[in-house]
Amino acid sequence: MSLAAAPTKPVSHRVLLMATCLCDAFFPEAAQATVQVLESAGCEVLFPQDQTCCGQPAFNSGDFSASRRVARHTETVFAGELPVIVPSGSCAAMHMHGNAIQFEREPDAARFDDLGRRTWELCDFLVHGLGLTSWPGSFPHRIALHHSCHTRGSGTRSAMQTLLESIDGLTLVPFAQEDQCCGFGGTFSVSFPHVSGSMGTLKLDHALKETPEFMTSADLSCLMHLSGLADRQNRPFKILHVAQILLASLPR
Amino acid sequence: MSARQPIDQFAASLPGDRRSSVLGSCQAATSKRLTALADDFAHADDLRRLAARIKQHTLDHLDTYLEAATARLEEQGVKVHFASEAEEARSLIHQILAERGAKRIVKAKSMVTEEIHLNDYLIDRGLECLETDLGEFIIQIDGDIPSHIIRPITHKNRREIAQSFEREGLGAYNDDPEVITRRARVHLRDRYMKSQAGITGANFVCADSGRIVLVTNEGNSRFSMAPNPLHIAVVGIEKIIPRDRDLGVFLNLLARSATGQRLTVYTEFLRGPKAPGQPSGPEEMHVVFLDNGRSRILGSDCREILRCIRCGACQNVCPVYRQASGHAYRSTYGGPIGAVLTPLLAGDDFAAFADLPKASSLCGACREVCPVDIPIPDMLLKLRHQAHDAGIRSPGAPPMAPFAELATRPVIWRGAMTLSRAANLVPTQLLPVPALQSWLKLRTLPHWRGGEFRQWMATRKKP
């Protein structure tokens, strides 16, 4: 049941934005950039006010009854037929894969199959939904691209690569062991502080060795973890969500 | 209960050089695997999925295939036994050996005999039971336990090994791996010739032919059988595959996934005891099929874990295993496979190992490399759920009910988001939230900017 083999996903220029709880709490610019990027691609962006979180923190803790409550709320908020666009591979994976596990034996499982089918990670939607093959403008910077773990097997990885590589002046800087996790893992980062911190430090070591100007990703959770670690270790490290790069690249 | 996860504590106490050696060998094995697969197969993922389907099919009809394999083996003169539990297997094997007066036993590397702690059992009953795989031999003389499925001594460096050899009277201190290997070979060769029985595992058992397949790089399983009259193969019931021809899929995947080789140096195909006219080989052959919880797992929602062919690729790629090493998992199987298999095999003792499935960032790397495409992360989640449902507390994990309360009340959620900005005004180190404090020990937190995006969205002029 790979993410790539998901049933055909709906495409429309009218979309629902799921901004994610992290953007809601910490990263307003990334959510704003997501809106502006979608609008520049010709979309009308609707933002359901009652949205909160996809429920993943509780799901990953094994508290399925708590996470199902949150997921049911989210499903109601995003009801209908419109595509749901998420600036996060992780929250998108929760809809596309996680819910299938926790609703397997629930009577309303079909509603979550439908929500998963309608959910797109932002870059995946731009490339594999809207059919973009490049992104306009320029962003003359050296970028380390961190592929977040929840985009494994999804269309996001190739989509990000396609978009970023097409931007004038943007150089993607490869680094060692790119496929290794950043160590965040939600509650894992607080219940396994040593292992999580060591994983993140390794990621920083490998990326910073190549002296990128920014690290980007489809997921702010990884970037928040890495920049928080770098900050504690007094290592200069700048992050941008991929939507922020796409926005900054646009010709004004 | 301790406030920290045991695996995290273990990782934190691991000496730096040990950690580097585990990390380095795992990264090297991961790269070799990738190259070995990509070099020969344009669509390696399709091969993995094919292997998964063959194994899953076998498991879905295991009763039929087990019966077929047993019938073929018996036709070929093999004595077949079934053991439902570890104790039954151990005493059965001891009985076979005792009845034939076999006291000196040589053993090839086998995870299933580790699982049932066969060595200790036989040694306690006065038998000599010698591991002949170099890694396992070193584990045995050190009274240690394997820390990796394929490289049991991946946690040791050569200086430690040289000291062990010196202590055991195998020559003066010398940490040259070639010298160590040569000395072990000389020592073992003599024991092979004096042995009275050989015990092996099995990598595959083909139901259509009753053929047992063993892969090694040292040829020690062959040596364990050739000179002595009795061979006992201990086999988990999940090792069966339907046909000889399926070996084309599995042998191609196993060596590449395990060691990055196209094929191991030795691949042995056994069909029963020595035939008349054959110059050497055991006159008597036994197969002990072991259940030890496997039927129970087959009936659970984690049955896919029984597809495992014990290649260790998930251990190599796992960032948690790399930091913590195999011993952190307190069982025969470490890393992602162990985090799933150990609590499942534990049965009534589930609670004692309920922390293992927590030891993952759910990064999914294990599934990506698994030669039989086991959805390990999904199983980690299911087992976490099982632990939560059983009321087993997990150290360091924040309770989720308050989060669910908040996240299902949008008005309160929005208010909390805006209020959260007040947290910027107090030193975060003072906030009495354990999860937050654990975060802050190693990382800073960005400024709270709750509600800003919503405000922007509500007040901006649309283009």
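Remember, predicted model here, so these are calculated numbers, not experimental data.

K.L.:
What am I meant to see in the overall build of chain A here?
P.N.:
Within chain A, the secondary structure is distributed over 12 helices and eight strands. Its C-alpha atoms give chain A a radius of gyration of 18 Å, near enough to 18 Å, the size a compact globule of 252 residues would have. On the principal axes, the C-alpha backbone points of chain A span a range of 50 × 45 × 30 Å. The buried share of chain A, taken over its 252 residues, is 61%.

K.L.:
Can you walk me through the overall build of chain B in this structure?
P.N.:
Each helix and strand in chain B was counted, giving 22 helices and 10 strands. Viewed in the frame of its principal axes, chain B has a C-alpha envelope of about 90 × 55 × 45 Å. In chain B, which comprises 463 residues, the share counted as buried stands at 49%.

K.L.:
Explain the interface of chain A and chain B to me, please; I cannot follow it from the model alone.
P.N.:
By a widely used convention, the size of an interface equals the accessible area lost when the partners come together. Counting from both sides, the interface comprises 54 residues of chain A and, opposite them, 56 residues of chain B. Of all the secondary structure elements, the ones that give two or more residues to the side of chain A that touches chain B are α1 (21–25), α2 (28–40), α3 (56–60), α4 (64–77), α9 (188–191), α10 (193–208) and α11 (220–232) of chain A. Tallied by class, the residues present in the side of chain A that touches chain B amount to 25 nonpolar, 20 polar and nine charged.

K.L.:
Is there a simple way to think about unusual backbone geometry in this case?
P.N.:
Trans is the common state for peptide bonds, and a negative phi is the common state for residues other than glycine. All names here are of chain A. The phi angle at Thr20 is positive, at roughly 80 degrees, despite the residue not being glycine. By secondary structure assignment, the location of Thr20 is in the loop between β1 (14–17) and α1. According to the C-beta neighbour criterion, Thr20 is buried, with 28 such atoms within 10 Å.

K.L.:
What is the right way to read the domain arrangement of chain A from this model?
P.N.:
Residues and elements named next belong to chain A. Considered domain by domain, chain A is made up of domain 1 (9–129) and domain 2 (142–249). Taken together, the contacts link 26 residues of domain 1 with 23 residues of domain 2. Elements supplying a minimum of two residues to the side of domain 1 that touches domain 2: α1, α2, α3, α5 (89–102) and α7 (122–129). Its residues placed into classes, the side of domain 1 that touches domain 2 shows 14 nonpolar, nine polar and three charged.

K.L.:
When you look at the packing of helix α3 (residues 44–60) of chain B against helix α12 (residues 247–259) of chain B in this model, what are you seeing that I'm missing?
P.N.:
Residue and element names in this part refer to chain B. Running from N to C, α3 and α12 point in directions that differ by 120 degrees, and their axes come no closer than 10 Å. The angle between the axes of α3 and α12 places the two elements in the oblique class. As α3 runs across α12, the sense of the crossing is left-handed. The residues of α12 that touch α3, namely those facing Leu47, Arg48, Leu50, Ala51 and Ile54, are Val249, Phe250 and Leu253. Classifying every residue of the contact of α3 with α12 by side-chain character gives seven nonpolar, no polar and one charged.

K.L.:
What's the story with the sheet that holds strand β5 (residues 204–206) of chain B in this structure? I'm lost.
P.N.:
What links the strands of a sheet is backbone hydrogen bonding, and the strands pair in either a parallel or an antiparallel sense. Residue and element names in this part refer to chain B. Spatial ordering of the open sheet is given by β8-β5-β6-β9, a layout of four strands whose pairing is mixed. Edge positions in the sheet fall to β8 (240–241) and β9 (266–270), since each of these pairs with one other strand and no more. Pairing analysis gives five bridges linking strand β6 (residues 211–216) to β9, with the strands arranged antiparallel. Looking at β9, one finds that Ile212 is bridged to Leu270.

K.L.:
In this structure, what is going on with the domain arrangement of chain B? I would like to understand it.
P.N.:
All names here are of chain B. Domains assigned within chain B are domain 1 (6–12 + 295–389), domain 2 (41–292) and domain 3 (407–459). Placing the centre of domain 1 and that of domain 2 at their C-alpha centroids yields a distance of 23 Å. Contacts between domain 1 and domain 2 engage 23 residues on the former and 24 residues on the latter. Going through the elements one at a time, α13 (294–298) and α14 (313–317) are the ones with two or more residues in the side of domain 1 that touches domain 2. Of the residues in the side of domain 1 that touches domain 2, the class split is 10 nonpolar, eight polar and five charged.

K.L.:
What exactly am I supposed to notice about α11 of chain A here?
P.N.:
Owing to its 3.6 residues per turn, the α-helix brings residues three or four apart onto one side. Residue and element names in this part refer to chain A. Across its 13 residues, α11 extends 18 Å between first and last C-alpha, which sits within 8% of the 18 Å expected from 1.5 Å per residue. Of all 13 residues that make up α11, 11 are buried, and the element is covered over most of its length. Buried within α11 we find Leu220, Ser221, Cys222, Leu223, Met224, His225, Leu226, Ser227, Gly228, Leu229 and Ala230. In the stretch just after α11, Asn234 is the one whose phi turns positive, near 55 degrees.

Rules behind the numbers
Within each chain, residue numbers correspond to sequence positions counted from 1 in written order. Here every chain gets a letter starting at A, and every ligand a number starting at 1, in the order they are written. Reporting of local features is limited, given that this is a predicted model, to residues whose pLDDT is at least 70; pairs of side-chain atoms are given and counted only at 80 or more, and all residues count toward the totals for whole chains, interfaces and linings. Counting from the N terminus, the helices are DSSP H or I runs at least four residues long and the strands are E runs at least two residues long. It is over C-alpha atoms that the radius of gyration is taken, and the globule rule equals 2.2 Å times the number of residues to the power 0.38. Around each residue's C-beta, the other C-beta atoms within 10 Å are counted; 20 or more make the residue buried, 12 or fewer make it exposed, and counts in between make it partly exposed. All C-beta atoms are placed from the backbone. Throughout, a residue-residue contact means that the two C-beta atoms, derived from backbone geometry, are no farther apart than 7 Å. Nonpolar residues are Ala, Val, Leu, Ile, Met, Phe, Trp, Tyr, Cys and Pro. Charged residues are Asp, Glu, Lys and Arg, and all others, Gly as well, are polar. Start and end points for every domain follow an automatic or database-based domain assignment. Axis definition: a line fitted to C-alpha atoms, over the contacting stretch in the case of helices. Angles run 0 to 180 degrees between N-to-C directions. Throughout, the term roughly parallel applies to angles under 35 degrees, roughly antiparallel to angles over 145, roughly perpendicular to angles from 65 to 115, and oblique to all others. We call a crossing left-handed when the near helix sits turned anticlockwise from the far one by less than a right angle, and right-handed when that turn is clockwise. Criterion used throughout: strands pair if DSSP finds at least two bridges between them. Multiplying one less than the number of residues by 1.5 Å gives the expected span of a helix.

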